[in-house]
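A look at the structure
Chain residues, written in single-letter form:
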4 protein chains.
Amino acid sequence: MSSQPLTTALPFKVADLSLAEAGRHQLRLAENEMPGLMALRAEFGAAQPLAGARIAGSLHMTVQTAVLIETLVALGAEVRWASCNIFSTQDEAAAAVVVGPNGTVAEPAGVPVFAWKGESLEEYWWCTDRIFDWSAEAEAAGADWIGPNMILDDGGDATLLVHQGREYELAGAVPAAAADDSAEFRVVLETLRRSLERSSDRWTRIADELQGVTEETTTGVHRLYELHARGELRFPAINVNDSVTKSKFDNKYGIRHSLPDGLNRATDVLMGGKVAFVAGYGDVGKGAAEALRGQGARVIVSEIDPINALQAAMDGYQVARLESVIGDVDILVTGTGNKDVVRLEHLLGLKHLAVVANVGHFDNEIDMAALEALPGAERIEIKPQVHEWRLPNGRSVLVLSEGRLMNLGNATGHPSFVMSNSFTNQVLAQIELFTRPEAYPTAVYVLPKHLDEKVARLHLDALGVELTELTPEQAAYIGVPVEGPYKVEHYRY
Amino acid sequence: MSSQPLTTALPFKVADLSLAEAGRHQLRLAENEMPGLMALRAEFGAAQPLAGARIAGSLHMTVQTAVLIETLVALGAEVRWASCNIFSTQDEAAAAVVVGPNGTVAEPAGVPVFAWKGESLEEYWWCTDRIFDWSAEAEAAGADWIGPNMILDDGGDATLLVHQGREYELAGAVPAAAADDSAEFRVVLETLRRSLERSSDRWTRIADELQGVTEETTTGVHRLYELHARGELRFPAINVNDSVTKSKFDNKYGIRHSLPDGLNRATDVLMGGKVAFVAGYGDVGKGAAEALRGQGARVIVSEIDPINALQAAMDGYQVARLESVIGDVDILVTGTGNKDVVRLEHLLGLKHLAVVANVGHFDNEIDMAALEALPGAERIEIKPQVHEWRLPNGRSVLVLSEGRLMNLGNATGHPSFVMSNSFTNQVLAQIELFTRPEAYPTAVYVLPKHLDEKVARLHLDALGVELTELTPEQAAYIGVPVEGPYKVEHYRY
Amino acid sequence: MSSQPLTTALPFKVADLSLAEAGRHQLRLAENEMPGLMALRAEFGAAQPLAGARIAGSLHMTVQTAVLIETLVALGAEVRWASCNIFSTQDEAAAAVVVGPNGTVAEPAGVPVFAWKGESLEEYWWCTDRIFDWSAEAEAAGADWIGPNMILDDGGDATLLVHQGREYELAGAVPAAAADDSAEFRVVLETLRRSLERSSDRWTRIADELQGVTEETTTGVHRLYELHARGELRFPAINVNDSVTKSKFDNKYGIRHSLPDGLNRATDVLMGGKVAFVAGYGDVGKGAAEALRGQGARVIVSEIDPINALQAAMDGYQVARLESVIGDVDILVTGTGNKDVVRLEHLLGLKHLAVVANVGHFDNEIDMAALEALPGAERIEIKPQVHEWRLPNGRSVLVLSEGRLMNLGNATGHPSFVMSNSFTNQVLAQIELFTRPEAYPTAVYVLPKHLDEKVARLHLDALGVELTELTPEQAAYIGVPVEGPYKVEHYRY
Amino acid sequence: MSSQPLTTALPFKVADLSLAEAGRHQLRLAENEMPGLMALRAEFGAAQPLAGARIAGSLHMTVQTAVLIETLVALGAEVRWASCNIFSTQDEAAAAVVVGPNGTVAEPAGVPVFAWKGESLEEYWWCTDRIFDWSAEAEAAGADWIGPNMILDDGGDATLLVHQGREYELAGAVPAAAADDSAEFRVVLETLRRSLERSSDRWTRIADELQGVTEETTTGVHRLYELHARGELRFPAINVNDSVTKSKFDNKYGIRHSLPDGLNRATDVLMGGKVAFVAGYGDVGKGAAEALRGQGARVIVSEIDPINALQAAMDGYQVARLESVIGDVDILVTGTGNKDVVRLEHLLGLKHLAVVANVGHFDNEIDMAALEALPGAERIEIKPQVHEWRLPNGRSVLVLSEGRLMNLGNATGHPSFVMSNSFTNQVLAQIELFTRPEAYPTAVYVLPKHLDEKVARLHLDALGVELTELTPEQAAYIGVPVEGPYKVEHYRY
């Protein structure tokens, strides 16, 4: 798709009707797999709790996100959207959202989306800037100025832009890039420098207007806690990531689905009978190990935490250091959240044509830099995102997605049903912050347990699950309300 | 065994050498399955951190507890012991502990144990009282008076006795039983009344002397939090129950082992191909469901908590209300921690000769009272702890352990390896409270995470688990010490 | 039980009414788990296809066999019974059968049973001889002589006695025992010598009268094929062992049930997290491996057949030679059908207190003779059927059932539901041979596939299984009758 | 690829070097996953047992088949190849084989391949005809005429052509098509008519020359048995399909791999928590059910054979008729080998947007004709091979691969390792028939068990499997040679 930003009102020139149509087909299918979001539409559609909310959204512009966006709209919100990753946009989803359920290519009736697959860094930050620009809405409303009053964030880039922008406005200048600033941060500085040229208080006004942010991921949450610890957080935040229905579902069941999917699409290699090594037995590793065992692989696990290691043993897995068994490994999976888990010594020790796959969060779980620097190593593209690295020792390894997240690069990421859990948390968090500001002084919160339970509850019917109801006597006996919440905060599920 | 209390120095007349010998054989086997405790002996045997500790212990007097007791002794403690349940003592274990590793029946060199299988309530509370009576030790030491300075408790009966005793001493009298006091509480009152007749400040002195209590179970922990909330707790307490290596291991892996064991010993019924219903999908239910599936049963789960219900569905189980599927159920297991989960209507709806088993904590998960009161129902003992109840509808059900915990009544409870985790927590908690009193002002604590991790660590070698070690760079990258602890407090494992 | 043979009409003096009552309770429970047999009673009870059949039965006198016997009687047969193993009789089952459903101890109305737990070899063969002595029946009928016309055999001892007896009668003498004859064969010779003293043609008449034998086990079947190959088989035989519903169910699902049961009853050792080694991946090994994995053990398998080895690998198990991994093994299970699978070198290589268990057919899978002859080895009875062998290397191993079948010795063998499949095959085989002699000239047969399928069919309702029915068009399309049989003979299931 | 047949010596104009290069990369990866074939190259490469063999091959022209072809060549054979299906050719594999390991596009040094993706029926039969035309080889050898002497067949089309061609040559004419002849058979007749115009005895000479055929599939095998039963088979045949290492591996483990792969690629729908229905519990159904359970689905199975039904129940699956549970089904899989298993009534009863997938052999497992004829039903292409059918009842179903084999249509079929087992059987069968013609008079054979075991043996090292070796004493004890074969013919694995 030749996606070109056109105007702020309609960022996409959706040249190809079939693209938007394909996207709308996929939305319809995804809606069936996202019962939580659809239930919120049914429950809150009439009450319009988000009427008046102007949401600046920054989150992978996929089909699932499209259903999220249209749910926010159905609850009354106005929305502008960018992706939070230069590669993750599904163009047909973006097109479908722009056109909207009732629009056409000629007369789009959807949401402004600033995202396409394969943005440059400059384009990426331009898009992110755009979601804070509500001048078209102001013009339509005959208002002097309108800004967003909510952020929905994934990774914290949108939140970062506001905080940095305001800081530089107060300082009166954007600083020059430091020598060790990353290429990306230089683009951020340039973006804010251009903004400051146009307005001396744009980000300050936005920051004042914002009622809060709801954040999707570990990384973004980490940034928020740091901001708050330094006393610099400007508006309340809800940490969606640590809802049980997010972290325990997304990680475990998402990976269980997408790891074998990615292995299959990338290599077609039989998992049955093979030795698969899974580094890390947190939720991601638990899902990975279960999937591989379910396909008949013999799974070996590594862990640094003795509790998780003992869990792995109790679940019947061999637990070993990677270097102890490296010569037996056919499929090497890393999902630890740490760096340099798979090092050059490991890559050199693997069986010929062993598959190397990263399902952790960061790109540096596998030391690709060392591989790239290895004299005599040769990289052959078997197909996109699948590379054979011929090693000086005469063996090869197959590296998926260049060492990055292969469940995104070689498969399609988490399936809709899993994302429905995460996104239902997002919508509930938006409603909380927007409708009950008094309950959330500036700080970082997790969603209250009764809402976490509600998210789960909204996904039961679609699976035919019958929930048992406590009698009043039983509820009193264990000291909980009949309707929940049912567990103490530290309950581990 | 005709176990008769003789003296306070030697509570048992161990008439039968072979009983003690059999017990010592079993201790030796259990030691091999309790690597955590044995590792503590190796680590702390020389340092004797519990030298000076006088521990009053109240916990099921089994073979595993015998290994715990001898570990406490190996670390320097003096110990007196009672069981915390009238039925749970294994007499050969008690005899083995009394004789001790180096003693003989004629000259016992072990620990005073006040426990035998099948105590009356009066005997039970007499035994509990005995563990606080250190007059023999005082006499041997030529001291005026010696009391215990530590409690190791399971369910809180020992802790209760001290608190109630002190309260009545301060009041100057033990009150008369109220009309609705239970039979057991009347015995407690009588026990304290006799004590008060002999001494007006015995429990007060003991309470002052005590440095702390370590508590094993949910029930006991609940009592402690209540005491503390009312401001009445007299000494610090460590909640061992909520260590990860206790609650997530004991419940899940213990039940996975002992549920099928109990079913087999009780009934010899094939689980394969049968419909098994598991009420509750907490840790106990998770272990039960996994065990039954592992034997080829088709498992249906019920839940009141939508999050746990969704977990069950994601794990591939049908989730239904008991009444929806009752007519298909061959094996009915309840492990919820709530009451009246299996009601008369359910018992009447089951298939002919369906098996009914309770692995929850309380006896009232199954409404046995209603069954016993049902006109026309007839109870036939097939063998001890296995009863056929002929129902007026012409069908029968097989009730195990009279509705009480069947993994104890029909099997032998948690296996040694699982108990080693729990008891290693206990010993570490005793060391904490005894050696670092300044760190624990009167309140209820959980064991710090590094000790929880240590418990796991001590069980890895026995399973051949190799732990991976963080590099300093990796540790810094995720912000943890190389040696742990590795996780935030709310991590769910 | 002081079981003493009294008369040929009533072999047992059932002194203890409670024993028979306990047996009748257990029969009632077993009937519920043996739907195949109960269905045959319902289907054939009126037609009495076995009226006129006089069955000499030799098969373990257990509760399950009791249900088999009473099924044969319900179908019209007269029956006399012995056990096929000196240890396997459950006395309460024997007592229950003698008393019968409508009898009393004073006036038994059941079947003559010649079996008690713990027979001597002399008693065993006396009992076996008794099932061929129908003089009481002859007397009652006013007949000169009556013999059995059917044998139901397990292992072939009853069949052997007839063939040997006839051979010696024709020769006119029983030969002296040869130097290398086993102790048991000497007892057989003595038994037949006494018979020959009383009658010169008893076995010849019996052999002529017999319409056939149905044989339960591999061993007995092997003997039958050899007899037939030598042209010496005197009457037709049906090989029940190789019915699919026998061999694929009994071995796999029976062991899956009884292996963990035996391990638990013997040792209470946690299987979770342990390394379990299973020698042999035939049906027995498949069931064993599945059971151990289902309890969280890490299972390693050995195989001599590359096809079975590849199956094990595809099922996710490590496949290794025992000597390669012996030092890691906590639980060692052998179920190969071969001898000397576990040798002294293996026993000496195991971890301290590793458990050694035989679930194969023969006692010589473990080289117990070598262990017993090992200088410095010491045997300590932990409890009956559980022995610690202290080895000269300072380690110990726990040997179950003295190396014999531990699922019988430490548990209760196959559960009723599994035996119902085997025994339904037996009854159908008896009906075939007795009612359709023209279809079975003297040879060894397997049960026709439609009867094998019928056995399965009779067990479906009890499990709530709904069978799908072919339309006539579908049946024609795949070329089978609507009602079956459905598969070619070499189909592997 | 614009694949155009050019000459008989080089059927493909491989215009695009990159296509052949991509193919050679994939061959190299596949070789690593096909250890059986590579082992045969190593074992027989020097001896050249197929020297003199001229093989006419008709089997899906995939990457795996390319490795098969080059193995045949490595063993000395001359080969010509066509695909056995108009859609199944992977063009890059065909190109790679034509170019050969040492050739170039300009100077191909490989094997003549007559196959491309998307042939018309006319092209298909023209290609099949070409593999019997060895005139270029004759010319090169200066011979008058050369024909093939071996067929390697999949489905029997090549074998059919020879038999039909010879029959019409003997009759002197190709008959006119009958009214009810299929479109395809009309093309066959036309193909043979053109042949007869050119030569009156071509097929007769070929039939005389042929030493045998090895046949891959059930369908082809069925045809062969029928031909032989009618006395019309002209040369011996080996039924490769019924080798254990083919039927039990290909079906079960192949489907376990490719069913979830196809579901993911087609729909990205989460399997976890869903209700999946699998029609048929043969090897295909067993693999399907295991894969779905391994992904956390709740699996319900249907069966017409009570033995297989009982197996499914014992393996823990609910067994029900499709119509009993249709309203709960999210994913419907059929793999029975029968027709009309999924009928219109079922499609109308499914949940909204349920997925319908066929992994059986024939296209008519799902009654697509009835769906296509349903008034008011509307078909929407979501993407190729994925269609939403909107039903008159307001619901939709997602039909994969238009009801045809979805593991081929939506995924990539069986993985290389599985095919290596099948194809190693093929090569061994070719060697048998070609080198030992005296052992195979014209009839249909299965491969002897020692070769079946050899196939398995050649796949063990790649999986790190250690095989245990019998001692001579053990071999004698169970009556088998040390080196096998180990099992009786009717052993069921």
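Residues numbered from 1 in each chain as written. Chains lettered and ligands numbered in written order. Predicted model: local features only at pLDDT ≥ 70, side-chain atom pairs only at ≥ 80, totals over all residues. Heavy atoms only, no water.

So, about the environment of Leu348 of chain C. All names here are of chain C. By the secondary structure assignment, Leu348 is in helix H15 (residues 344-349). Classification of Leu348 by relative accessible area gives partly exposed; the value is 28%. When residues no more than four places from it in sequence are discounted, the contact partners of Leu348 are Leu374, Leu391, Pro392, Asn393 and Arg395. (Helix = DSSP H or I, 4+ residues; strand = E, 2+ residues; numbered from the N terminus. Buried < 20%, exposed > 50% of the residue type's maximum accessible area, 1.4 Å probe, protein only. Contact = heavy atoms within 4.5 Å.)

Residues and elements named next belong to chain A. Pairing within the open sheet is parallel, and its 7 strands lie in the order S3-S2-S1-S4-S5-S6-S15. If you trace the sheet from one side to the other, it starts and ends with strand S3 (113-114) and strand S15 (444-446), each paired once. With 3 bridges connecting them, strand S6 (residues 237-239) and S15 associate as parallel partners. Following the sheet pairing, Ile238 is matched in S15 by Tyr445. (Pairing = 2+ DSSP bridges.)

Time to look at unusual backbone geometry. Only a minority of non-glycine residues have a phi that is not negative, and only a minority of peptide bonds are not trans. Gly484 of chain B connects to Pro485 of chain B through a cis peptide bond whose omega is 0°. Positioned with a positive phi, Glu402 of chain A is a non-glycine residue whose angle comes to about 50°. By relative accessible area, Glu402 of chain A is classed as partly exposed at 37%.

With that settled, the discussion passes to the interface of chain A and chain B. The partner chain B presents 64 residues to the 64 residues of chain A that form the contact. The contact between chain A and chain B buries some 5800 Å² in all, and 58% of this surface belongs to carbon and sulfur atoms. Along the contact surface separating chain A from chain B lie 4 salt bridges. Among the salt bridges present, the one from Lys487 of chain A reaches Asp305 of chain B, with a minimum N-O distance of 2.9 Å. (Buried area = accessible area lost by both parts, 1.4 Å probe. Salt bridge = Lys/Arg side-chain N within 4 Å of Asp/Glu carboxyl O.)

What follows is about the packing of aromatic side chains. For the structure on display, the rule yields 28 aromatic pairs over all chains. Aromatic side chains Tyr440 of chain B and Tyr445 of chain B sit 4.9 Å apart centroid to centroid with 90° between the ring planes, which places their arrangement in the edge-to-face category. On the basis of an interplanar angle of 65° and a centroid distance of 5.8 Å, the ring pair of Tyr281 of chain D and Tyr317 of chain D is categorised as edge-to-face. Placement of Tyr281 of chain D in the loop between strand S7 (275-279) and helix H12 (283-294) and of Tyr317 of chain D in the loop between helix H13 (306-314) and strand S9 (318-319) is noted, with a sequence separation of 36 residues between them. Residue classification places Tyr281 of chain D among the buried positions, given a relative accessible area of 3%. Note that Arg205 of chain D overlies the ring of Trp145 of chain D, its terminal NZ or CZ placed 4.3 Å from the centroid. (Phe/Tyr/Trp six-rings, centres within 6.5 Å; stacked < 30°, edge-to-face > 60°. Lys NZ or Arg CZ within 6 Å of the ring centre and 35° of its normal.)

A word on the relation of the copies chain C and chain A. Each copy superposes on the other: chain C lies on chain A with an RMSD of 0.1 Å after a rotation of 180° and an axial shift of 0.0 Å. Seen this way, the second copy is the image of the first under a two-fold rotation axis. (Least-squares fit on C-alpha atoms with pLDDT ≥ 70 in both.)

Moving on to the confidence of the model for chain A. Residue and element names in this part refer to chain A. The predicted model of chain A has a mean per-residue pLDDT of 94, with 97% of residues at 70 or higher. Segment residues 1-11 is flagged for pLDDT under 50; beyond a separation of four residues in sequence, or across chains, it makes 28 contacts in the model. Of the two predicted TM-score estimates for the complex, the pTM is 0.96 and the ipTM is 0.95. (pLDDT = per-residue confidence, 0-100.)

Let us now look at the pattern of salt bridges. Pairing between side chains becomes possible if they bear opposite charge and their charged atoms approach one another. In this structure the tally under the stated criterion is 104 salt bridges over all chains. Across the pair Glu137 of chain B and Arg80 of chain B runs a salt bridge whose closest N-O atoms are separated by 2.8 Å. Here Glu137 of chain B is found in helix H6 (residues 135-141), whereas its partner Arg80 of chain B is found in strand S2 (residues 78-82), with 57 residues between them in sequence. The exposure class assigned to Glu137 of chain B is buried, which follows from its relative accessible area of 15%. The partner of Glu402 of chain D in a salt bridge is Arg379 of chain D, and the shortest N-O contact between them spans 3.7 Å. Within this pair, whereas Glu402 of chain D is found in the loop between strand S14 (396-400) and helix H17 (406-409), its partner Arg379 of chain D is found in strand S12 (residues 378-383), the two being separated by 23 residues in sequence. Residue classification places Arg379 of chain D among the partly exposed positions, given a relative accessible area of 41%.

Residues and elements named next belong to chain D. Burial analysis of strand S2 (residues 78-82) places 4 of its 5 residues in the buried class, the great majority of the element. Two elements, strand S1 (residues 54-58) and S2, share 5 bridges in a ladder whose sense is parallel. In the sheet register, Ile55 faces S2, and the bridge partner there is Val79. Crossover handedness for the path S1 to helix H3 (residues 63-74) to S2: right-handed. As paired strands, S2 and strand S3 (residues 113-114) are joined by 2 bridges and run parallel to one another. Looking across to S3, one finds that Trp81 is bridged to Val113. (Right-handed = clockwise from strand over helix to strand, strands pointing away.)

Residues and elements named next belong to chain B. Here 7 strands make up an open sheet; going across it, the order is S3-S2-S1-S4-S5-S6-S15 and the pairing parallel. Sheet topology places strand S3 (113-114) and strand S15 (444-446) at the edges, where each strand pairs with a single neighbour. Note: strand S4 (residues 150-153) against strand S5 (residues 212-215), 4 bridges, orientation parallel. Looking across to S5, one finds that Met150 is bridged to Gly212. On the sheet, helix H3 (residues 63-74) packs against strand S1 (54-58), S2 and S4 and is oriented at approximately 160° with respect to S2. (Axes fitted to C-alpha atoms, helices over the stretch in contact; angles between N-to-C directions.)

Attention shifts here to the side chain of Asn421 of chain B. Within the fold, Asn421 of chain B resides in helix H18 (residues 416-435). Looking at Asn421 of chain B, the relative accessible area reads 1%, which means it is buried. Reaching out from Asn421 of chain B, the side chain makes a polar contact with the side chain of His459 of chain B at a distance of 3.5 Å. Setting aside residues no more than four positions away along its own chain, Asn421 of chain B makes contact with Leu310 of chain A together with Thr245, Val455 and His459 of chain B. (Polar contact = N/O pair within 3.5 Å; in protein donor to acceptor, adjacent residues only side chain to side chain.)

Here we take up the interface of chain C and chain A. Contact with chain C, which involves 12 residues of that partner, is made by 12 residues of chain A. A buried area of about 850 Å², summed over both sides, lies between chain C and chain A, and 60% of it is on carbon and sulfur atoms. Counting across the chain C and chain A interface gives 0 salt bridges. Considering only residue class, the side of chain C that touches chain A consists of 5 nonpolar, 5 polar and 2 charged. (Nonpolar A, V, L, I, M, F, W, Y, C, P; charged D, E, K, R; others polar.)

Residue and element names in this part refer to chain C. Direction of pairing for strand S12 (residues 378-383) relative to strand S13 (residues 386-390): antiparallel, over a ladder of 5 bridges. Bridge pairing links Glu378 to Arg390 in S13. Here S12 hands over to S13 after 2 residues, with Gln385 in that stretch at a positive phi of 70°.

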